[in-house]
Amino acid sequence: FTQPIKSNTTVYAKWTAKDYEVSFVTEHGKAPTSQNVPYNGTAKDPGKLTAEGYTFDGWYADDNYSKKFDFTQPIKSNTTVYAKWTANDYEVSFITEHGDAPTSQNVKYNGTAKDPGKLKAEGYTFIGWYTDAAHTTEFNFSTPITGDTKVYAKWEKNAPALPDTYELNVSGAFVYVDGVDVTASAGDTSLQLEKDASVRLVADPDRMPSGMVFDRWTILNGALNADDAEKFETGRTLEEFAFTMPAEPLSIEATP
């Protein structure tokens, strides 16, 4: 502009397009490198992202994911593009050998399964939920779910139910239960007794065959409790013997 003008002259303006930054924001995976795009240029689609437990749903123009980003639109200012994700669903299934298995649950990645509670099955007691079929590690329902998961019910078999009473059969003797004479008027005495009932037997001479006398007590069926069995070994020839009723049927004879 300091040169002398000696004729009609045209001066030309030179322009350089300004660069704008297009940055990519993601909650999961690795964000793509930002791009410098000249004014009215277009950004390049960085493609799909991957992240464990999530499905990539595309690039959006806002962080509310209300409008997909158009990579053909001219860039006129610094621009932020947002990655949208959906957490994957994983199946938590419940395995049991007894009773009815609870319905499987669909759980979002890093979510937690709901405890289906105790199960019931006749003849078994439910112990809890375990991570393995061998029932070595208890399942923690606060553990984040990161894949399809099986949970196993552990059971213990119940002890067989014991009857309320047990049969005592005595021949050739008077029978006293808790101090009360319950001897049958003739023949053998058969009773239904509770476990640990107090029993006393006294040999009855009138129930011995003609010309014979009491010799010893003989257990025909069943067994005495341990302490009574020990006394029986030394006192079985006495005409009177006391014991407590075992938890099983028992038959004793006053043997002549």
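The model shown is predicted, which means the values in this text are computed figures rather than measured ones.

Basis of the calculations
- Residues numbered from 1 in each chain as written.
- Predicted model: local features only at pLDDT ≥ 70, side-chain atom pairs only at ≥ 80, totals over all residues.
- Heavy atoms only, no water.
- Pairing = 2+ DSSP bridges.
- Helix = DSSP H or I, 4+ residues; strand = E, 2+ residues; numbered from the N terminus.
- Axes fitted to C-alpha atoms, helices over the stretch in contact; angles between N-to-C directions.
- Core = buried A, V, L, I, M, F, W, Y, C linked by side-chain atoms within 4.5 Å.
- Buried < 20%, exposed > 50% of the residue type's maximum accessible area, 1.4 Å probe, protein only.
- Contact = heavy atoms within 4.5 Å.

Undergrad: Just checking my understanding: could you explain the sheet that holds strand β8 (residues 149–157) for this structure?
TA: Strand pairing in a sheet relies on backbone hydrogen bonds, with the paired strands running either antiparallel or parallel. If you walk across this open sheet you meet the 4 strands as β6-β5-β8-β7, and the pairing is mixed. Two strands close off the open sheet at either side, each with one partner strand: β6 (105–108) and β7 (124–130). Between one strand and the next, the sheet's axes are offset by a mean angle of 25 degrees, whatever the strand orientation.

Undergrad: What is the right way to read the nonpolar core from this model?
TA: Taken as a class, soluble globular proteins show a tendency for nonpolar side chains to be buried jointly. Within the largest apolar cluster, 23 residues are counted, with the highest numbers of intra-cluster contacts made by L168, L193, L201, W217 and F243. Looking at this core, the elements with two or more residues in it are β9 (166–171), β10 (173–177), β12 (189–193), β13 (198–203), β15 (240–244) and β16 (250–255). Apart from the residues lying within four places of it in its own chain, the contact partners of L193 are D164, T165, Y166, L168, V177, V199 and M245. The next biggest cluster of nonpolar side chains, apart from the first, holds 16 residues, and it includes Y90, V107, V151 and A153.

Undergrad: Would you take a moment to explain the pairing of strand β2 (residues 35–38) for this structure?
TA: Both faces of the sheet carry side chains from a regular strand, because those side chains alternate between them. Residues Q35 and V37 of β2 are buried on one face, while the alternating residues N36 and P38, pointing to the opposite face, are not. With 4 bridges joining them, strand β1 (residues 19–25) and β2 adopt antiparallel strand pairing. Bridge pairing in β2 links V22 to Q35.

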